[in-house]
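Structural description and commentary
What follows is each chain in one-letter form.
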Amino acid sequence: MQRLLFPPLKASLGSPCLRLLVPRAAPRAQCGCSCGTRRPLRPGQYSTVSEVALQSGRGTVSLPSKAAERVVGRWLLVCSGTVAGAVILGGVTRLTESGLSMVDWHLIKEMKPPTSQEEWEAEFQKYQQFPEFKILNHDMTLAEFKFIWYMEYSHRMWGRLVGLAYILPAAYFWRKGWLSRNMKGRVLALCGLVCFQGLLGWYMVKSGLEEKPDSHDIPRVSQYRLAAHLGSALVLYCASLWTSLSLLLPQHKLPETRQLLWLRRFAHGTAGLVFLTALSGAFVAGLDAGLVYNSFPKMGESWIPQDLLTFSPILRNVFENPTMVQFDHRILRSTSSPGEFPFLQGPRWQQRLC
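Model, not experiment: these values are computed from the prediction. (Residues numbered from 1 in each chain as written. Predicted model: local features only at pLDDT ≥ 70, side-chain atom pairs only at ≥ 80, totals over all residues. Heavy atoms only, no water.)

Another point: the layout of surface pockets. Approximately 1,500 Å³ is the volume found for the largest pocket. Along the walls of the largest pocket sit 49 residues, with Glu-152, His-155, Gly-201, Met-204 and His-229 positioned nearest its centre. For the lining of the largest pocket, the secondary structure elements donating two or more residues are α4 (65-95), α6 (131-136), α7 (142-176), α8 (181-208), α9 (223-248) and α10 (258-287). Residues belonging to the lining of the largest pocket are distributed by class as follows: 29 nonpolar, 12 polar and 8 charged. In this model, the second largest pocket occupies a volume close to 780 Å³. What lines the second largest pocket is a set of 22 residues, among which Cys-238, Trp-242, Leu-245, Ala-267 and His-268 lie closest to the centre. Secondary structure elements with two or more residues in the lining of the second largest pocket: α9 and α10. When the residues that make up the lining of the second largest pocket are grouped by side-chain class, the tally is 16 nonpolar, 5 polar and 1 charged. (1 Å grid on protein atoms, 1.4 Å probe; cavity = no way out; pocket = protein on both sides within 12 Å on 5 of 7 lines; lining within 4 Å. Points joined across faces, edges and corners; volume = space filled by probe spheres on them. Helix = DSSP H or I, 4+ residues; strand = E, 2+ residues; numbered from the N terminus. Nonpolar A, V, L, I, M, F, W, Y, C, P; charged D, E, K, R; others polar.)

Printed below as a string of structure tokens:
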């Protein structure tokens, strides 16, 4: 029986392919006092497969997968917080009407603010050449200009901080091998969206600096570009937060019941309505549509105002008619409000989910 089993096994172990997987032991010493000891390995001689892998560059030392996922998840969580801060700071910049105070864009040069009186006066003179000063702020003083300039400056510098928070750690984690193949694609998409967001911000500001000889309206940025700027920021925030929580939190262990499926669909639909409401708010801000009617729930003396469809073609009213834009925003807000769906409240629904 031994002759039938062991000779094939011995022949297999002697094959060149399997010998690479077996640790090579150094020959034992012949003297009696050093039996059982190993001789020092010669250069190029390895005792284990791991040493071969490390020497060939394939065994790059990295964190365990779970620890690496926690680090990447915390990083993306911080990044989503910086994006939320940029959105809030952008809203403050919008409310203070500071977005058109910086009339040019330079990635590195504008990081240094004016320091001397001459530099401030030169910056103020550049601002005076554009429509916002000529039509709206023609009596503005240098001190007032400094306030709106610093508001826009802080928003732009925060945007650069967001870009660095994404790109630099991403390059480090990529180099260390802490990103899986799937995560590499996500990180590349997030970094690309950050760069696109910066370019889109300047594209938006540029629309408010253009001369419009046939119009004496208050200079403002394009509502389409404003909505795109806000929408891309919200997509970046949600994608970063979703990816970070998917790495940090364990998967739920609830049974896939019909009620859970309906709750998931309801949550996705509500998230979509909230996103559309935010985009609608960008159109309201871009057109100053919030100033048209200041009564709620009625708009003036009626539920449906008469000037709702004054533009032609009709589709223009959805995006360019201030009355229609405010009306749409009110409808979307009421639809996406959690108070409109009381059937999801109370312990009865929670028991059905369990």
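For the rest of this paragraph, the subject is the packing of helix α5 (residues 117-127) against α7. Across the interface, α5 lies against α7 with an axial gap of 11 Å and an inter-helix angle of 80 degrees. Our classification of the angle between α5 and α7 gives roughly perpendicular. Along the contact surface, α5 presents Gln-117, Trp-120, Glu-121, Glu-123, Phe-124 and Tyr-127, while α7 presents Leu-142, Phe-145, Lys-146, Ile-148, Trp-149 and Tyr-150. Broken down by class, the residue content of the contact of α5 with α7 amounts to 8 nonpolar, 1 polar and 3 charged. (Axes fitted to C-alpha atoms, helices over the stretch in contact; angles between N-to-C directions. Parallel < 35°, antiparallel > 145°, perpendicular 65-115°, else oblique. Contact = heavy atoms within 4.5 Å.)

Next up on the list: the packing of α4 against α7. Packing of α4 against α7 brings their axes to within 9 Å, and their N-to-C directions diverge by 165 degrees. The pairing of α4 with α7 is recorded here as roughly antiparallel in orientation. Taken as a pair, α4 and α7 cross one another with a handedness that is left-handed. Tallied by class, residues from the contact of α4 with α7 come to 16 nonpolar, 7 polar and 1 charged. (Left-handed = near helix turned anticlockwise from the far one by under 90°.)

Time to look at the environment of Pro-305. Topologically, Pro-305 is positioned in the loop between α10 and α11 (315-320). On the accessibility criterion, Pro-305 (6% relative accessible area) is buried. Along the sequence, Pro-305 and Tyr-293 sit 12 residues apart, while their C-alpha atoms lie 9.6 Å from each other. (Buried < 20%, exposed > 50% of the residue type's maximum accessible area, 1.4 Å probe, protein only.)

Let's shift gears to α9. In a regular helix each residue adds 1.5 Å, so 26 residues correspond to 38 Å; α9 covers 37 Å between its end C-alpha atoms and thus fits that length. Between a side-chain oxygen at the N-terminus of α9 and the backbone nitrogen of Tyr-224 the separation is 3.3 Å; the capping residue is Ser-222. (Expected span 1.5 Å × (residues − 1). Polar contact = N/O pair within 3.5 Å; in protein donor to acceptor, adjacent residues only side chain to side chain.)

This part is about the nonpolar core. Formed by 26 residues in total, the largest nonpolar core has its most connected members in Phe-124, Tyr-127, Met-140, Phe-145, Trp-149 and Val-325. Counting residues per element, the ones that place at least two in this core are α5, α7, α8, α9 and α10. Per element, the largest residue contribution to this core is 6 residues, and it comes from α7. With 20 residues, the next largest nonpolar core counts Trp-75, Cys-79, Tyr-166 and Trp-178 among its residues. (Core = buried A, V, L, I, M, F, W, Y, C linked by side-chain atoms within 4.5 Å.)

Omega for the bond connecting Phe-296 with Pro-297 falls within 30 degrees of zero, at 5 degrees, which places this linkage in the cis form. The residue Pro-297 is located in the loop between α10 and α11 in this model. Cis peptide bonds are those with omega within 30 degrees of zero, and the linkage from Ser-312 to Pro-313 qualifies with 0 degrees. Along the chain, Pro-313 falls in the loop between α10 and α11. Here Asp-288, not a glycine, exhibits a phi torsion of approximately 55 degrees, which is positive.

Below, the discussion takes up the pattern of salt bridges. If you walk through the whole model with that rule in mind, you get 9 salt bridges. When the shortest N-O distance is used, the salt bridge between Arg-156 and Glu-110 registers 2.9 Å. Here Arg-156 is found in helix α7, whereas its partner Glu-110 is found in the loop between α4 and α5, with 46 residues between them in sequence. Across this residue pair, the class does not change: Arg-156 and Glu-110 are buried. When the shortest N-O distance is used, the salt bridge between Glu-123 and Lys-126 registers 3.4 Å. Of this pair, Glu-123 and Lys-126 both sit in helix α5, separated by 3 residues, roughly a single helical turn. Residues participating in the shared-partner salt-bridge network are Glu-110, Glu-152, Arg-156 and Arg-160. (Salt bridge = Lys/Arg side-chain N within 4 Å of Asp/Glu carboxyl O.)

Honestly, that's just the spatial picture; any functional story needs more than this.
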